[in-house]
Amino acid sequence: MASPTKPSAKTSSKSAKSSNNGKSGASGLDESGAGVEIDHLELFRQMYLIRQFELACGENYSKGLIRGFLHLYIGQEATGVGALSTLRDDDYIVSHYRDHGHALARGLDVNRSMAELFGRATGTSKGKGGSMHLFDVAKRFMGGHAIVAGQLPLAAGLALAQQYNKTDGLTICFFGDGSTNQGVYHETLNLAAVWKLPVLFFLENNMYGMGSSIERVRAGGIDFYPGMATYGIPAAEVDGMDVLAVKEATELAVERIRAGEGPQFIEAKTFRFVGHSLADGQKYRGQEEVKEWEERDPVITFPAKLIQAGLVTLDQIDDVKTEVDEVVAKSVEFALQSPEPDLSEIHDDVFA
Ligand SMILES: Cc1ncc(C[n+]2csc(CCOP(=O)(O)OP(=O)(O)O)c2C)c(N)n1
Ligand SMILES: [Mg+2]
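A brief look at the structure comes next. Keep in mind that what you see is a predicted model, and the values were worked out from it rather than measured.

Notes on the overall build of the protein
Counting secondary structure elements, the protein contains 11 helices and eight strands. A total of 352 residues make up the protein; the buried ones form 50% of that total. Residue pairs in contact within the protein that sit at least 24 positions apart in sequence constitute 74% of those at least 6 positions apart.

Rendered as structure tokens:
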């Protein structure tokens, strides 16, 4: 609760409003009203954790301590954190290969996540999955999937099980704009709508695939949400750089799914500030565009807005940073001290 010396980082979220093919862009900071309390400091902590975790990943990748591909989520933190802050423990999460942010926002152990990237036996997938395959059944975090759009039917399958078992749980499925030209994307949307599955399709539209802008590869332009009418799926667009707007849009979609209204679709407009992977020279885009988006960096703009609104103090923000920096440094230590998987286990946990 609020006190003069240490303001609470919590306010109430606004009441739900219709977002069928509409936009949800409220910052939430200048609004008041009845609703669920928002822990702003926790939202900041998660975004900052993801950022620092990934900066450490990049550093250790350069040193050759993390191998394979490394796809960073830097710039997109507000999207994953806002969306996942709305879920319950019994909901499922399915992610793509840019999965570190989703995993950490879901509360996967930081040490074990870092160890997975280092390919160590203590990792979330025993060191055999790596960056693209973080996984934790206890947290209902069902990957980390490398095949573009391959995670969509998996999410529909989980949602089908939830429906069949008459739970009111749901599955959220994150995917990128590059998924949308895959056949399985359309097949899954259609079947999920026909069967009214409890699934939230969450498009992280960061404007680029691996090396092409959407404008170059999609006939229908950069907006995907209007096309959801084809499947009869209610859809909303949201500012993916605004954690509170994402949270609010997701809350509304989640409410509808739990009420038995079937699949929902959210398109968050966001941006990755770095290359597709660390092996990407980014020759397909200019730095001007990157700089423009960087000015909206949620890890910087969100705490600034909170301080300005008097919801937190600079000291509180600094305390969070100090704590998180230590957590991340310790996770690197943990990974470095962990053993590699034993060769005798090479065929264990392999299903093909
Ligand atoms: C089926 C398939 N085709 C191609 C690839 C190679 N590939 C990896 S990422 C990627 C681009 C995906 O872009 P998007 O879905 O927008 O996600 P983002 O990287 O922007 O997060 C491609 C083509 C793949 N992994 N799977
Ligand atoms: Mg993309």
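Read on, since the account is not over.
A few points about unusual backbone geometry
Here the bond from Gly143 into Gly144 is cis, since omega is 25°, no more than 30 degrees from zero. By the secondary structure assignment, Gly144 is in the loop between α4 (110-117) and α5 (151-164). Positive phi, normally seen in glycine, also occurs at Lys126, with a value near 55°. A positive phi angle, near 75°, is found at Ala149, a position not held by glycine. Inspection of the secondary structure assignment puts Ala149 in the loop between α4 and α5.

Brief notes about the environment of Glu323
Within the secondary structure layout, Glu323 lies in helix α11 (residues 314-337). Overall, Glu323 belongs to the partly exposed group, with 13 C-beta atoms counted inside 10 Å. Along the primary structure Glu323 and Leu49 are separated by 274 residues, whereas in three dimensions their C-alpha atoms are 9.5 Å apart.

Describing the site of ligand 1
Taken together, 13 residues sit near ligand 1, with Val148, Gly176, Gly178, Gly209 and Met210 positioned nearest. The residue inventory of the shell around ligand 1, partitioned by class, reads five nonpolar, six polar and two charged.

Re the packing of helix α1 (residues 40-62) against α11
Following both chains from N to C, one finds α1 and α11 inclined at 40°, their axes separated by 9 Å at the closest point. Crossing hand, α1 versus α11: right-handed. Across the interface between the two elements, Leu41, Phe44, Arg45, Tyr48, Leu49, Gln52, Phe53, Ala56 and Asn60 of α1 pack against Gln316, Ile317, Val320, Lys321, Val324, Asp325, Val327, Val328 and Val332 of α11. Each residue belonging to the contact of α1 with α11 can be placed in one class, and the counts come to 12 nonpolar, three polar and three charged.

So, the packing of α1 against helix α10 (residues 298-308)
As a packed pair, α1 and α10 sit with axes 10 Å apart at the nearest point and diverge in direction by 160°. On the basis of the axis angle, α1 is roughly antiparallel to α10. In this structure, α1 crosses over α10, and the sense of that crossing is left-handed. Residues His40, Phe44, Met47, Tyr48 and Arg51 of α1 form the contact with α10, whose own contacting residues are Pro298, Val299, Phe302, Pro303 and Leu306. Each residue belonging to the contact of α1 with α10 can be placed in one class, and the counts come to eight nonpolar, one polar and one charged.

As for the pairing of strand β6 (residues 199-205)
When you tally the buried positions in β6, you get seven out of seven residues, the bulk of the element. By the alternation rule, side chains of β6 split into Val199, Phe201, Leu203 and Asn205 and Leu200, Phe202 and Glu204, which are all buried. Relative to β6, strand β5 (residues 171-176) is paired through six bridges, and the arrangement is parallel. By the bridge assignment for β6, Thr171 is matched with Val199. Regarding the hand of the β-α-β motif, the stretch spanning β5, helix α6 (residues 183-194) and β6 is right-handed.

Re α6
The end-to-end C-alpha separation of α6 is 17 Å, in line with the 16 Å expected for 12 residues at 1.5 Å each. When we look at burial in α6, the residues that qualify are Thr188, Leu189 and Ala192. Each buried residue of α6 lies within a common arc of 100° when the element is viewed along its axis, so the set occupies one face. Across from the buried face of α6, at angles greater than 90 degrees, the exposed residues are Gly183 and Val194. Residues of α6 that are buried in the fold lie against α5 and β6. Positive phi appears at Lys196, one or two residues downstream of α6, with a value of about 50°.

The rules behind these values
Residues numbered from 1 in each chain as written. Chains lettered and ligands numbered in written order. Predicted model: local features only at pLDDT ≥ 70, side-chain atom pairs only at ≥ 80, totals over all residues. Helix = DSSP H or I, 4+ residues; strand = E, 2+ residues; numbered from the N terminus. Buried ≥ 20, exposed ≤ 12 C-beta atoms within 10 Å, placed from the backbone. Contact = placed C-beta atoms within 7 Å. Near = placed C-beta within 6 Å. Nonpolar A, V, L, I, M, F, W, Y, C, P; charged D, E, K, R; others polar. Axes fitted to C-alpha atoms, helices over the stretch in contact; angles between N-to-C directions. Left-handed = near helix turned anticlockwise from the far one by under 90°. Parallel < 35°, antiparallel > 145°, perpendicular 65-115°, else oblique. Pairing = 2+ DSSP bridges. Right-handed = clockwise from strand over helix to strand, strands pointing away. Expected span 1.5 Å × (residues − 1). Arc of directions from axis to C-beta.

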